[in-house]
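Below, each chain spelled out in residue letters.
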Amino acid sequence: MYGLDKYAPDVLLAYALGMALLAAIILGSVIQSKRAKKRLEDLE
Amino acid sequence: MWAIIQRDISLAFAQGGGLLLTVAFFLILVVFVPFGIGPAPTLLSKIAPGMLWIGALLATLLSLDRIFQLDFEDGTLDALATAPIPLTGLVTAKALAHWITTGLPLTLAALPLGFLLFLPNGQYMWLFLSLLIGTPALSFIGTFGAALTLSIKRGGLLLSLLVLPLFVPTLLFGVQAIIHPDHTIMLALLAVISLLSAAVLPFVTALALRAGLR
Amino acid sequence: MWAIIQRDISLAFAQGGGLLLTVAFFLILVVFVPFGIGPAPTLLSKIAPGMLWIGALLATLLSLDRIFQLDFEDGTLDALATAPIPLTGLVTAKALAHWITTGLPLTLAALPLGFLLFLPNGQYMWLFLSLLIGTPALSFIGTFGAALTLSIKRGGLLLSLLVLPLFVPTLLFGVQAIIHPDHTIMLALLAVISLLSAAVLPFVTALALRAGLR
Amino acid sequence: MTIEVHNLAVSRGGIPIFADVSFALSQGDALLVKGPNGSGKTTLLRALSGLIAPDTGTISIEQEESVFASHLDAIKSALTVQQNLNFWSKIYGRPLDQAVLTPFDLDPLLDRYGSDLSAGQKRRLGLARVAISGAKNWLLDEPTNSLDQKITRALEALIQNHRKNGGIVVVSSHQKIDLPQAKTLDLSAFKPSVERNTDPFLEGAF
Amino acid sequence: MTIEVHNLAVSRGGIPIFADVSFALSQGDALLVKGPNGSGKTTLLRALSGLIAPDTGTISIEQEESVFASHLDAIKSALTVQQNLNFWSKIYGRPLDQAVLTPFDLDPLLDRYGSDLSAGQKRRLGLARVAISGAKNWLLDEPTNSLDQKITRALEALIQNHRKNGGIVVVSSHQKIDLPQAKTLDLSAFKPSVERNTDPFLEGAF
Amino acid sequence: MASIWQYANPAKFMATTARFMGPLWVLSIATLATGLIWGFFFTPDDFKQGSTVKIIYLHVPSAMMAINAWIMMLVASLIWLIRRHHVSALAAKAAAPIGVTFTLIAMATGAVWGKPMWGTYWAWDPRLTSFMILLIFYFGYIALWEALEDKDLAADLTSILCMVGSVFALLSRYAVQFWSQGLHQGTSIPLVTGERQVDDVFFIPLLFAMGGFILLFITLLLLRTRTAIRLRRIQALKAKET
Ligand code: HEM
Ligand SMILES: Nc1ncnc2c1ncn2[C@@H]1O[C@H](COP(=O)(O)OP(=O)(O)OP(=O)(O)O)[C@@H](O)[C@H]1O
Ligand SMILES: Nc1ncnc2c1ncn2[C@@H]1O[C@H](COP(=O)(O)OP(=O)(O)OP(=O)(O)O)[C@@H](O)[C@H]1O
Ligand SMILES: [Mg+2]
Ligand SMILES: [Mg+2]
């Protein structure tokens, strides 16, 4: 499936976990930033 | 009553509130066990169920003095006790809020922590169930202890001392529910303890509270 | 400074003071271990040194929030900080008083408790020495943590979270001093940690205290 | 809807504080409790609110309709002023009426944490709880401590208004507080004589 | 042996409380700090005693010769009144002079535990510490709260006597307190203007 | 004379970093993607481990940056304590959650790797244990920030904690050696001597991944610092109103 079946399940799991965590911190930071910016603009 | 539960939960999440801290404390306790007794997996997995229960119990213990003490010191408890709500209701609300902010998170946290102590594979489900059923007893017993030690400033240690012996049956059945071959009977006994505590202790606790406020 | 040590000691003996409670808590913790992991002597004696150290450490932990919090809440700390004594001196006195009322009694109590966990005969002396040399580090580190969490009401749990990782080296060397064949080297390393903590931490603690009183 | 106290005697920690106190208050009355430090003003108020049991004598008061403001202010330092108010309005099951808050000038402070209030601001928040409660009997222990002049006046007006609506107010104070037509109770006149000690361990001779 | 404050500005938790406060006090002077709740009386006293650092401006005061009596009374509830007094006399390295205690009428209370004191009795014990300290500069935050009339008079006399001996006294109060020839500082006049904000996070635009 | 400290002024910092944010995002995502995609799809399997070896492209860079984030926090904390530049304190605060995430990535990928290699997800090996301690330090640091309402006080106390914590973290790192023999392999990329035991085919994409993690850390750090500055301004504006 998608050419991924030649990979060991460990690698796939590791990459899934790693990517999920990376996405979490990136998205989290971006969303927090957007929200703070909006709140500040509303105030000023 | 619902207002009290709600407020206690939001206080637990608020600044300096205990929720995450209780879980973190549990984590650290579990991490300390290998530091003390060595890193060997066979030894660790043998003592894992007991250590996880003891850890959950101690983490609960540390959170007990928050149940009434803060409210007592700033005068809130005086005001609540004279407000038109029954004292038994107040006590039950306090105990439930304590379980939601302590027992429940600890139960959930215990599963990943099982890894660190090499808990045998088949025991995860029993660990979960036994904590889920057993921790309410800890909250109700703990609330009772907290009411008893109310008027003692920083009575945390005395509180621990009073409450720990009361925790013994819960601990014994809790661990047995994980390691005993006949898990369900042990779970049933554990459930009996929890139900009894929840049904009877609030009345006694209300009495103790009334006396402590004098 | 001597007046502070003296007062803290007499407070520890007074009503609701912590001295006996700390020891009692240690006792109960040790008693709980067999309940949790079962009564087999070989298993118990294998984990005895680690469990005794962990027990002493947790008992210390529970007593930490008393170091400054009571004085802070009733205004004594404001008064002491503005009295003509150096803050570093105050901090050192507090840490010493804490050791005398906690570390020392725990060290003495550990010996009889060793029996309960079937501590191997040859290890009693090393247990005593390692606790005697190691617990001062716990008091000084703990005083530091107490100063950090000063302005946080019922910061007991946060305090534990901050302090426990700082206790790791002390715990590791403390247990090694009992079980490692070369006891003396480990004791020496333990002594280094205690001396370092006692020499350096009071200055940092005074800084934190000054900030917290702002 | 009255408060009646008859031959009341109360002790704390085995020490008799006062004895033979009697008074009766009906709708619209106010009682100003005076007396030097330690004469038992706080003790009397705690007894009225049911927190201390009397040694002898009787208290007749509608417990559910009473609210007690002690030396402490029942403020959660980790909650904001607004959250503190909301909590009490839920406990007493009464809406947070803006009119009830204006006398204490809490509007500018709504977002501040309880821990960051000044002594007088704390006291104001503590008194706001009394106003929220909707209780008929107000038991106020030295309410004007730390309050500035303006708020003291506002409190007096609030009490006056409460009495007009049929409420009863018992106030202890060392300071001048304007309570028109209030009865006064000076507790220094009620020190129990040593003879009428109620401690059973002093009865008879061993 | 003087206190000099020049252009003092202080903020709490990022909020500027007052600015441009200046005064000078020399031997025998008294300063009465007034102002509504939240105007910064406590803040000023804490700054004078070195517990809060100023934003701008200077304070010149002999720290070792100052004693601060806050809203709290620095009483250990597990110790008796006598033990509390002994402790402070040791800390300040001064003998427990009987003459220093009589004004506060503590003799009958010496064996009582701190936790069992009434509000006014606590305050009296707290003020006794000030008398014990032997410091030249007394910084008293609302000292008359909870005190009865008699003790208030005694405190005024004590302050008067201290000033005669060259001491300096700074008192904050909402209540009438008799300080002959005292200077007055009304903090409500020193509210910082919004423009002179020192918070770096308000500079410039982002 | 322009000094580097001028960027410690919040407004100046905001203005300057605003110009870099876009390019930094592009650069860091591109580098990271190159490293990870190259490593995952276009490197040969190891003859012993098979494709499992590819975990290295996540594991090693995140482990490295988990430690470096703490070091960066230490430096920023010291700057705050000594020179009291607010931006520095906020940068330290901003770094902590990134550090936690990197620590978690290192531990999660390491755990997954451990199963085939050592037969267990977790072992009390000195290096893994040190990471567990590091994680707890991060939690404590963040918890202390959150628990204190007064942000200047929080900056002071967390900086002090970071300082003391670093010393004790080093002590622990040393102490665990006596307590447990390791399973984990030593460093095989000694940058100083330049003698590495890894083939170029594995090594070059690894370098890209490492560079990507470094750039991503910087980008996230700036972004989060900017957020923290904005939040402080909101707080200050609200305070001004009352
Ligand atoms: C949860 C478990 C693990 C943790 C916390 C962990 C942590 C670390 C750390 C801190 C480093 C050092 C990075 C540096 O040098 O800057 C590292 C490197 C490395 N780890 Fe792990 N590790 C874990 C499990 C594993 C496993 C199971 C393997 C595979 C057998 C592994 C293989 C490696 C390799 C190959 C390196 C690179 C070493 C080098 O060449 O420098 N790790 N890991
Ligand atoms: N930690 C803090 N964070 C934010 N604001 C604070 C903090 N502490 C005090 N304040 C505010 O500072 C102001 C001044 O407080 P201060 O205690 O000095 O007032 P005060 O003049 O003594 O008032 P009172 O007469 O009520 O005692 C108040 O508005 C208070 O809300
Ligand atoms: N738990 C206790 N045990 C023994 N004595 C107590 C206890 N609590 C209070 N007292 C004593 O009871 C007396 C009355 O106290 P109470 O607080 O009622 O006085 P008060 O009139 O309110 O005084 P104040 O004006 O100072 O507030 C005091 O002399 C006090 O020392
Ligand atoms: Mg009173
Ligand atoms: Mg004040």
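This one's a predicted model, so the numbers in the text were calculated from it and none came from an experiment.

J.: Lay out the overall build of chain D with the relevant residues and their values.
T.: Regarding its fold elements, chain D presents five helices and eight strands. Each helix and strand of chain D, placed in order from N terminus to C terminus, yields the pattern β-β-β-α-β-β-α-α-α-β-α-β-β. For 206 residues, the compact-globule estimate of 2.2 N^0.38 gives 17 Å, and chain D sits close to it at 18 Å. By the burial criterion, 54% of the 206 residues in chain D qualify as buried. For chain D, long-range pairs separated by at least 24 residues make up 71% of all intrachain contacts whose partners lie at least 6 apart in sequence.

J.: Mind laying out the site of ligand 2, listing which residues take part and the relevant values?
T.: Looking at ligand 2, there are 21 residues lining it, with Arg112(D), Ser118(D), Gly120(D), Thr42(E) and Thr43(E) nearest. Two or more chains meet at ligand 2, and those chains are chains D and E. For ligand 2, an oxygen atom lies 2.5 Å from a polar atom in the side chain of Arg112(D). Ser39(E) is positioned with one of its backbone polar atoms (N or O) 3.3 Å from an oxygen atom of ligand 2. The protein chains hide 92% of the 650 Å² of surface that ligand 2 would expose on its own. Where the shell around ligand 2 is concerned, the elements lending two or more residues are helix H4 (119-133) of chain D together with strand E2 (15-25) and helix H1 (41-48) of chain E.

J.: Residue-level account of empty space enclosed by the protein, with values.
T.: Per the counting criterion, the structure on display carries twelve cavities of 30 Å³ or more. Approximately 170 Å³ is the volume found for the second largest cavity. Met51(B), Ile54(B), Leu58(B), Ile54(C) and Leu58(C) are, among the 17 residues lining the second largest cavity, the residues nearest its centre. Looking at the lining of the second largest cavity, the elements that each hand over two or more residues are helix H2 (19-37) and helix H3 (41-64) of chain B together with helix H2 (19-37) and helix H3 (41-64) of chain C. Of all the elements, H3(B) adds the most residues to the lining of the second largest cavity, at five residues. Counted by class, the lining of the second largest cavity contains 15 nonpolar, two polar and no charged residues.

J.: Give me the environment of Asp141(D): which residues, what numbers.
T.: Residues and elements named next belong to chain D. Structurally, the position occupied by Asp141 is in strand E6 (residues 137-141). Along the primary structure Asp141 and Thr42 are separated by 99 residues, whereas in three dimensions their C-alpha atoms are 6.4 Å apart. Non-local contacts of Asp141, meaning those with residues more than four positions away in its chain, are made with Thr42, Leu45, Phe68, Ala69, Ser70, His71, Arg123 and Ser172. Within the structure, Asp141 has its side chain in polar contact with the side chain of His71 (distance 3.3 Å).

J.: Break down the site of ligand 3 for me, citing the residues and quoting the values.
T.: Of all residues adjacent to ligand 3, which total 21 residues, the nearest are Thr42(D), Thr43(D), Arg112(E), Ser118(E) and Gly120(E). Residues close to ligand 3 are split across chains D and E. In this structure, Asn37(D) approaches ligand 3 through a side-chain N or O atom, which is 3.2 Å from an oxygen atom. Between an oxygen atom of ligand 3 and a main-chain N or O atom of Gly120(E), the distance comes to 2.6 Å. In isolation ligand 3 has 640 Å² of accessible area, and contact with the protein removes 91% of it. For the shell around ligand 3, the elements supplying multiple residues, two or more each, are strand E2 (15-25) and helix H1 (41-48) of chain D together with helix H4 (119-133) of chain E. For the shell around ligand 3, the class distribution of residues is four nonpolar, twelve polar and five charged.

J.: Pulling in residues and values, what's your account of the interface of chain B and chain C?
T.: Each side of the interface is counted separately: chain B has 42 residues, and chain C has 42 residues. Summed over both sides, the interface between chain B and chain C buries roughly 4000 Å², with carbon and sulfur atoms accounting for 80% of that surface. For the pair chain B and chain C, the interface holds zero salt bridges. Viewed at the interface, chain C and chain B are joined by zero residue pairs in polar contact (both at pLDDT 80 or more). The set of elements that each furnish at least two residues to the side of chain B that touches chain C consists of H2, H3, helix H4 (69-73) and helix H8 (156-179) of chain B.

J.: For the coordination of the iron atom of ligand 1, give the residues involved together with the corresponding values.
T.: Residue and element names in this part refer to chain F. Listed as protein donors to the iron atom of ligand 1 are His59 (NE2) and His184 (NE2); their distances from the metal cover 2.0 Å. Geometry at the iron atom of ligand 1 is octahedral, judged from its six donor atoms and the angles of 84 to 179° they form at the metal. In this pair, His59 sits in helix H2 (residues 56-83) while His184 sits in the loop between helix H5 (151-179) and helix H6 (200-241), placing the two residues 125 residues apart along the sequence. With relative accessibility at 13%, the residue His59 sits in the buried group.

J.: Residue-level account of the sheet that holds strand E3 (residues 30-34) of chain D, with values.
T.: Residue and element names in this part refer to chain D. Strand order in the open sheet made by the five strands is E5-E6-E7-E3-E8, with parallel pairing throughout. Pairing within the sheet leaves two strands with one partner each, and these edge strands are strand E5 (66-69) and strand E8 (183-186). Averaged over all adjacent pairs, the angle separating strand axes in this sheet is 15°, with direction ignored. Bridging between E6 and strand E7 (residues 168-172) involves five bridges; their strand directions are parallel. The residue of E7 that forms the bridge with Asp141 is Ser172. The strands that H1 touches are E3, E5, E6, E7 and E8; relative to E6, the one it contacts most, it runs at about 155°.

J.: Give a detailed account of the arrangement of the chains, specifying residues and quantitative values.
T.: The assembly contains twelve pairs of chains in contact; the pair sharing the most contacts is chains B and C. Between chain A and chain D there is no contact, and the shortest C-alpha to C-alpha separation is 16 Å.

J.: Go over the coordination of the magnesium ion (ligand 5), please, and point to the residues and values.
T.: Residues and elements named next belong to chain E. Each protein donor to the magnesium ion (ligand 5) is listed here as Thr42 (OG1) and His71 (NE2); together their distances run 1.9 to 2.6 Å. Taken together, the positions of Thr42 in helix H1 and His71 in the loop between strand E5 (66-69) and helix H2 (81-91) put the pair 29 residues apart, joining distant regions of the chain. Note on His71: relative accessible area 26%, which makes it partly exposed.

J.: Can you explain the nonpolar core? Please cite residues and give values.
T.: Phe26(B), Phe167(B), Phe26(C), Phe167(C), Phe23(D), Phe23(E) and Phe102(F) are the most contacted members of the largest nonpolar core, which has 375 residues in total. Residues within four places of Phe23(D) in sequence aside, it is in contact with Ile3(D), Glu4(D), Val5(D), Leu31(D), Leu44(D), Leu48(D) and Leu185(D). Formed by five residues, the second largest nonpolar core is a distinct cluster that contains Leu40(A), Leu202(E), Ile234(F) and Leu237(F).

J.: Could you give an account of the confidence of the model for chain B, with specific residues and numbers?
T.: Across chain B, the average pLDDT comes to 87, with 95% of residues at 70 or higher. Looking at the elements of chain B, mean pLDDT is at its lowest for H4(B), recorded as 79, and at its highest for helix H7 (residues 124-148) of chain B, recorded as 94.

J.: Go over the packing of helix H6 (residues 87-116) of chain C against helix H9 (residues 183-212) of chain C with me, naming the residues and quoting the values.
T.: Residue and element names in this part refer to chain C. The contact between H6 and H9 brings their axes to 8 Å, and the two run at 110°. One element, H6, and the other, H9, form an angle in the roughly perpendicular class. For the pair formed by H6 and H9, the contact residues are Leu87, Thr88, Leu90, Val91 and Thr92 on the first element and Pro202, Phe203, Thr205, Ala206, Leu209 and Arg210 on the second. Residues that form the contact of H6 with H9 fall into these classes: seven nonpolar, three polar and one charged.

J.: Lay out the pattern of salt bridges in plain terms, naming residues and giving numbers.
T.: What the rule picks out here adds up to 25 salt bridges over all chains. Its salt-bridge partner being Asp8(B), residue Arg7(B) comes within 2.9 Å of it at the nearest N-O pair. By relative accessible area, which is 15% here, Asp8(B) ends up buried. Among the ionic pairs, Asp71(B) bridges to Lys94(B), the shortest N-O distance being 2.7 Å. Of the two residues, Asp71(B) is situated in helix H4 and Lys94(B) in helix H6 (residues 87-116); the sequence distance between them amounts to 23 residues. Shared partners join several salt bridges into a network, and the residues in it are Arg7(C), Asp8(C), Asp71(C), Asp74(C), Lys94(C) and Lys76(E).

Cut-offs used in this document
Residues numbered from 1 in each chain as written. Chains lettered and ligands numbered in written order. Predicted model: local features only at pLDDT ≥ 70, side-chain atom pairs only at ≥ 80, totals over all residues. Heavy atoms only, no water. Helix = DSSP H or I, 4+ residues; strand = E, 2+ residues; numbered from the N terminus. Rg over C-alpha atoms; globule rule 2.2 N^0.38 Å. Buried < 20%, exposed > 50% of the residue type's maximum accessible area, 1.4 Å probe, protein only. Contact = heavy atoms within 4.5 Å. Near = heavy atom within 4 Å. Polar contact = N/O pair within 3.5 Å; in protein donor to acceptor, adjacent residues only side chain to side chain. Areas by Shrake-Rupley, 256 points an atom, 1.4 Å probe, with all protein chains shown as cover. 1 Å grid on protein atoms, 1.4 Å probe; cavity = no way out; pocket = protein on both sides within 12 Å on 5 of 7 lines; lining within 4 Å. Points joined across faces, edges and corners; volume = space filled by probe spheres on them. Nonpolar A, V, L, I, M, F, W, Y, C, P; charged D, E, K, R; others polar. Buried area = accessible area lost by both parts, 1.4 Å probe. Salt bridge = Lys/Arg side-chain N within 4 Å of Asp/Glu carboxyl O. Donors = N, O, S within 2.8 Å, 3.2 Å for Na, K, Ca; no water. Tetrahedral: all angles 85-135°; square planar, octahedral: opposite > 155°, others 65-115°. Pairing = 2+ DSSP bridges. Axes fitted to C-alpha atoms, helices over the stretch in contact; angles between N-to-C directions. Core = buried A, V, L, I, M, F, W, Y, C linked by side-chain atoms within 4.5 Å. pLDDT = per-residue confidence, 0-100. Parallel < 35°, antiparallel > 145°, perpendicular 65-115°, else oblique.

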